[in-house]
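Inside the fold
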Amino acid sequence: MVRLHNRTHTSHIGSEFSSLDIMVELYFDVMDITPQNFSSLDRDYFIISKGHAAPALYDVLFRRGFITKDAFESYGKEGSQLAEHPKREVFGVDTATGSLGHGLSIAAGMAYSLKYSNMKGKVYCLLSDGECQEGSTIEAANFAGRMKLDNLIAVIDNNRLQGYERTSNIQNIASVKNKFEASSWSVSEMNGHDFQDMRSKFLNTPFKTGEPSLLIANTLKGKGVLEMEDKLEWHYKSPSDVEVENFIKQLGGST
Amino acid sequence: MRTAFVNELENIMDKDENTFLLTGDLGFSVFERLRERWSKQYINMGVAEQNMIGVAAGMALTGKQVFVYSIIPFVVYRPFEQIRNDVCYQNLPVRLVGVGAGFSYSDAGFTHHAIEDYGILRSFPNLTILSPADSLEVTAQMKQINSLGGPSYMRLGRNGEPILHDKQKFLKIGKALELTRGDDILFVATGSILGKAITIGKLLESVGYTVTILDYHTIKPFDDESLLKSLDGKRLVVTFEEHLVTTGLYSLVAQTILSNDLSIRIIPFGIGESAIHYSGTREYMLTQYGVSDQLIYEKIKKALG
Ligand SMILES: [Mg+2]
């Protein structure tokens, strides 16, 4: 991903690194989604409501066998289906996103539909902390609580930064937590970079029968690279030629 | 129109357990029977239209046909981006149904007037736009609607619009319906204002002109072919709509004519953009924009010389 962003000069690497571990945990350990069952309706679903972290999803889809290495590396090239925000033409993507505040409604619609059809699949929805400022996210939270969608699990990537501000300067995460709880969700926290912690939390969902679950994942924007960690500018910057080797080394990769 | 819609929806739900109705807290005295009988397929989504469209998209992504019902401004304008991204971009079988076409809610004021809806929506991909003229057309369209793979928008009046057809004619979504055939003038109309086109057509025939009337119950895809065929030998084209002419039927007709290198005079009857601050009866509102039987007749007569 470092190389990808270096080559394409695209934004959002910081947001990808804060949520990558969550997606790895879900796709490799928790969810029932595989290239083999993807065309069936009776499975789990993943909605990346923070669509700007799509390259992290593409990386996971590649390593999980949904898309080829060539497809993954076509990211950002002209004519590629892999845009900065995802769409369903990419095998493994459940819905297009890109505008914040859409994903939780879609996820709730899916969860209601699966329950109605007596399917046991769960719907996982990854939100950014910033997008909880969208009124539509709160509309969706109301609906999911009211309909008792305990097959819906929302994860907030609480990296405490948004596009142009510290998130807490706009809306405190406690206010988000209160709103979900007041809408009949059960809420828990986890370390979004600790696979054991995430695993135990996910396997415990639903936290309460008849209630949707919210996991506030405490994360670091730009996790794994000292120069990027918790820095707002990495919402937009991409690694330079000089930085690439250093960043990859910090991430434990080989250059 | 509303009653025809609900009756047909009940017929669909009778046969298909995967058809749903979401309403934005509207439908008093309309949905009671349906709510009673299909309590899991009917959901009052409350006053939260953005979520309503997103939920519909999510249900459609998991194999459901979803009707979404509200007053036009609330089902079209409020959740505009959800319609664009979640529904149209992804080509999902979500059926938007809006009541209150044009000045159906004239007394309610500007917030409730629906005079830009199909103009805005025609710019979205994959969307079929239906603008029926009476309850018979609603019934005919509803019988075909689930065969559309992608999304649709149906623009309804309220209730009690006059029936304009003798019987349920064969109406095919996407194909304009020819009501009369004449040599001199072409009338192109959409929605219940088609009634005015029929009335004026009769008046003109009584003074010696013959008129072709095309009923565009489908706005998108726009049936270019029927329009071009009917233009042959005409002196004048007149468009009728309860919508802004700048983005509406008039602009579609003008665009089709121009892009085919044709030249013919077109008179639009519809809503101009200036005076948005009136409220009153529907007839009063339309008259403010020059859309009354008398004003239309006089203007056409003058154009014919
Ligand atoms: Mg953030």
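Residues numbered from 1 in each chain as written. Chains lettered and ligands numbered in written order. Predicted model: local features only at pLDDT ≥ 70, side-chain atom pairs only at ≥ 80, totals over all residues. Heavy atoms only, no water.

1. A word on the coordination of the magnesium ion
Listed as protein donors to the magnesium ion are D129 of chain A (OD), N159 of chain A (OD1) and L161 of chain A (O); their distances from the metal cover 2.2 Å. According to the relative accessible area criterion, L161 of chain A is buried, its value standing at 5%. (Donors = N, O, S within 2.8 Å, 3.2 Å for Na, K, Ca; no water. Buried < 20%, exposed > 50% of the residue type's maximum accessible area, 1.4 Å probe, protein only.)

2. Examining the nonpolar core
Formed by 77 residues in total, the largest nonpolar core has its most connected members in L104, L152 and W185 of chain A together with L22 and V68 of chain B. Sort the elements by how many residues they give to this core and helix 5 (residues 103-116) of chain A lands first, with nine residues. The two domains that each donate at least three residues to this core are domain 1 (2-156) and domain 2 (177-303) of chain B. Apart from the residues within four sequence positions on either side, V68 of chain B is in contact with L22, M52, I53, A56, V75, V94, R95, L96 and V97 of chain B. Counting residues in each nonpolar core, the second largest holds 46 residues, with L57, Y58, F72 and I153 of chain A among its members. (Core = buried A, V, L, I, M, F, W, Y, C linked by side-chain atoms within 4.5 Å. Helix = DSSP H or I, 4+ residues; strand = E, 2+ residues; numbered from the N terminus. Domains from an automatic or database assignment. Contact = heavy atoms within 4.5 Å.)

3. Structural notes on the domain arrangement of chain B
Residue and element names in this part refer to chain B. Per the domain assignment, the segments making up chain B are domain 1 (2-156) and domain 2 (177-303). The centre of domain 1, based on its C-alpha atoms, is set 27 Å off from the matching centre of domain 2. Between domain 1 and domain 2, the residue contacts involve 29 residues of the former and 31 residues of the latter. Sorting the residues of domain 1 by area buried against domain 2 places F103, Y118 and R122 first, and these three jointly supply 34% of that buried surface. Counting the contacts that link domain 1 with domain 2 gives zero salt bridges. Counting across the interface, domain 1 meets domain 2 through 23 residue pairs in polar contact (both at pLDDT 80 or more). At the level of elements, helix 6 (117-121), strand 5 (128-130) and helix 7 (135-145) are the ones that each hand at least two residues to the side of domain 1 that touches domain 2. (Buried area = accessible area lost by both parts, 1.4 Å probe. Salt bridge = Lys/Arg side-chain N within 4 Å of Asp/Glu carboxyl O. Polar contact = N/O pair within 3.5 Å; in protein donor to acceptor, adjacent residues only side chain to side chain.)

4. Side note on the layout of surface pockets
Residues and elements named next belong to chain A. Considering only enclosed or pocket space, the largest pocket measures out at about 710 Å³ in volume. As for the largest pocket, its lining consists of 23 residues, and the residues nearest its centre are M1, V2, D59, R63 and L251. Every element with two or more residues in the lining of the largest pocket is listed here: helix 1 (2-8), helix 2 (13-30), helix 3 (54-63) and helix 4 (69-73). The greatest single-element share of the lining of the largest pocket, amounting to five residues, is contributed by helix 2. Taken together, the residues of the lining of the largest pocket break down into 12 nonpolar, three polar and eight charged. Put simply, the second largest pocket is a space of about 300 Å³. (1 Å grid on protein atoms, 1.4 Å probe; cavity = no way out; pocket = protein on both sides within 12 Å on 5 of 7 lines; lining within 4 Å. Points joined across faces, edges and corners; volume = space filled by probe spheres on them. Nonpolar A, V, L, I, M, F, W, Y, C, P; charged D, E, K, R; others polar.)

5. Considerations on the sheet that holds strand 6 (residues 186-191) of chain A
Residues and elements named next belong to chain A. Spatial strand order, 1-2-3-7-6: five strands in an open sheet with parallel pairing. The open sheet terminates on both sides in strands that have one partner only, identified here as strand 1 (45-48) and strand 6. Averaged over all pairs of adjacent strands, the angle between strand axes in this sheet comes to 20°, irrespective of strand direction. Packed onto the sheet, helix 9 (residues 195-203) meets strand 2 (123-128), strand 3 (152-158), strand 6 and strand 7 (213-218) and runs at close to 160° relative to strand 6. (Pairing = 2+ DSSP bridges. Axes fitted to C-alpha atoms, helices over the stretch in contact; angles between N-to-C directions.)

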